[in-house]
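Summary of structural features
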Amino acid sequence: MMIKENKQQKVYRIIKGRIIEREYVPGQRIVIDQIAKELETSSIPVREAIRQLEAERLVVYKRNVGPVVAEVNESDYLDTVRVLALLEGYAASLAARNFPQEKLVQLKQLNEQMEEALEDFDIIQFSKRNATFHRIICEQCGNTYLLETIQHTWNRIDSIRGTGSTLYSKRVKESIEEHKEIINLLEAGDGDQLEVVAREHKIKTALNFEKRRKNLIDTNIFPS
């Protein structure tokens, strides 16, 4: 049963979703009155939501302009992903001790759906399913503090990059194959090897992003 949102929570969810999905792009001004009118509310919940987004570094205030979508900090993204690689690797190793069979089925289905999303040239759906894939694994780690730290780091990355914005080139196809290896290791209960593979899986995404930033590889998401 879903918990009913108050006005501030609803506005926060909508604005954050638009930032993550790149409907609101970095540097774009957020017009409070316009959003309030669109969502049929007063400016108060909008201002409260923006303050929350500012605390998450999704929004910044510019003098004589007001709230704007934060610019992407590429170095910050790389640093954060490298830390996340360690956290997710460890979480995966813990999850492998007794990973539920029904969750393995879900992971396989998600990986198949990611392949279908690529065939349909739908990077947004690919990215959403990719995030769910990793969330399912981490949620089985059995360490509440570790999971909270990972979730905080996911939110931090969302504020830096936006859904799908780092998934380019052949990396998306490689990622699917690496997911298959992760699933196999979960089935085998090989936590030690899984920790290495899961960590490298995340690091490769950071390296791919860094190479593109330096214009060393093609940034076309679906190369010929």
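Read on for an overview of the structure. Quick caveat, the model's predicted, so the values are computed rather than measured.

**Topic: a negative patch on the surface**
Together, E112, E115, E116, E119 and D120 line one region of the surface with negative charge. For E116, the location among the structural elements is in helix α5 (residues 101–119).

**Let's talk about the environment of I137**
Along the chain, I137 falls in helix α6 (residues 123–138). Accessibility expressed as a relative area gives 5% for I137, which makes it buried. Spatially, the C-alpha atom of I137 lies 8.7 Å from that of E88, the residues being 49 residues apart in sequence. Those residues within four positions of I137 in sequence are excluded, and the remaining contacts are A92, A95, F99, L107, I182 and L186.

**So, the pairing of strand β1 (residues 59–62)**
With four bridges connecting them, β1 and strand β2 (residues 66–69) associate as antiparallel partners. Residue Y61 lies in a different strand from β2, and its bridge partner there is P67. Following β1, the chain reverses through three residues before pairing antiparallel with β2; N64 in that reversal takes a positive phi of roughly 65°.

**Section: the pattern of salt bridges**
Any two side chains of opposite charge can pair, on the condition that their charged atoms come close. Per the stated rule, a full pass over the model turns up eight salt bridges. For E23, the salt bridge identified is with R18, shortest N-O distance 3.9 Å. By relative accessible area, which is 52% here, E23 ends up exposed. In this structure, the salt-bridge partner of E139 is R135, at a minimum N-O distance of 3.2 Å. A network of salt bridges, in which partner residues are shared, links R18, E23 and E38.

Rules used in this analysis
Residues numbered from 1 in each chain as written. Predicted model: local features only at pLDDT ≥ 70, side-chain atom pairs only at ≥ 80, totals over all residues. Heavy atoms only, no water. Patch = residues over 30% accessible without salt bridge, like charges linked within 9 Å, V, L, I, M, F, W, Y side chains within 5 Å. Areas by Shrake-Rupley, 256 points an atom, 1.4 Å probe, with all protein chains shown as cover. Salt bridge = Lys/Arg side-chain N within 4 Å of Asp/Glu carboxyl O. Lys, Arg positive; Asp, Glu negative; His and termini not counted. Charge placed at Lys NZ, Arg CZ, Asp CG, Glu CD. Helix = DSSP H or I, 4+ residues; strand = E, 2+ residues; numbered from the N terminus. Buried < 20%, exposed > 50% of the residue type's maximum accessible area, 1.4 Å probe, protein only. Contact = heavy atoms within 4.5 Å. Pairing = 2+ DSSP bridges.

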